Amino acid sequence: MQAEPITLKEKLKLFSEHWSPKVVAELNDYQVKLVKFEGEFVWHQHDETDELFLCLHGSFDLQFRDNMITLREGDLYVVPKGVEHRPVANQECHALVLEPRGVVNTGEAESDFRAPNDEWI
């Protein structure tokens, strides 16, 4: 059992790279990840799972092929499985992502943005 709460602000200070999610906790088969966004990510989808985004700091757009939504601090959005999307941030922002263990950040898309899986901080 974990002895102390996880302080997200402190965890975010432990890394600086963008588009490289870091695991901070697990519940059942899901991982809670922190990620820093800046610029445009690759178009991708996750065929087997939904993906939850919670904006913690700043703001970013979730672009879809037919529309776009903006998430600001405190906003949450769930991208349904199979829906092609890409996050875009004009300035660095921070987000919490919730998805099953083993999900690759770029989905099936081959990209330089592909990050190592299960990188804990």
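Chains are numbered independently. Their residues run from 1 in the order of the written sequence. Under the rules for a predicted model, residues below a pLDDT of 70 receive no local features and side-chain atom pairs below 80 are neither given nor counted, while totals for whole chains, interfaces and linings still include all residues. Based on all heavy atoms of the structure, the side-chain values leave hydrogens and waters out of the count.

J.: For this particular structure, what's the right way to read the pattern of salt bridges?
T.: When the charged atoms of two side chains lie near each other, side chains of opposite charge can form a pair. One side-chain nitrogen of Lys or Arg within 4 Å of one carboxyl oxygen of Asp or Glu is enough to make a salt bridge. Evaluation of the coordinates by the stated rule reveals 8 salt bridges. The partner of R101 in a salt bridge is D29, with the nearest N and O atoms 3.8 Å apart. On the criterion of sequence distance, the pair formed by R101 in the segment after β7 (85-100) and D29 in the loop between β1 (22-27) and β2 (30-40) is long-range, its members being 72 residues apart. A network of salt bridges, in which partner residues are shared, links E17, K22 and E119. Going along the chain from the N terminus, every DSSP run of H or I of four or more residues is numbered as a helix, and every run of E of two or more is numbered as a strand.

J.: What am I meant to see in the environment of E26 here?
T.: Looking at the secondary structure, you find E26 in strand β1. Residue class for E26 comes out partly exposed when judged on its relative accessible area of 36%. Whether two residues are in contact is decided by their heavy atoms, any of which lying within 4.5 Å being enough. Setting aside residues no more than four positions away along its own chain, E26 makes contact with Q31, R101 and W120. In protein, a polar contact requires one atom able to donate a hydrogen and another able to accept it; more generally it is a pair of N or O atoms within 3.5 Å, and residues adjacent in sequence count only if both atoms are side-chain atoms. A distance of 3.0 Å separates a polar atom in the side chain of E26 from a polar atom in the side chain of Q31. At 2.8 Å, the side chain of E26 forms a polar contact with the side chain of R101. A simple rule labels every residue: compare its accessible area, found with a 1.4 Å probe on the protein chains alone, to the largest value its type can have, and call it buried under 20%, exposed over 50%, or partly exposed in between.

Everything listed is a geometric property; what it means functionally is a separate question.
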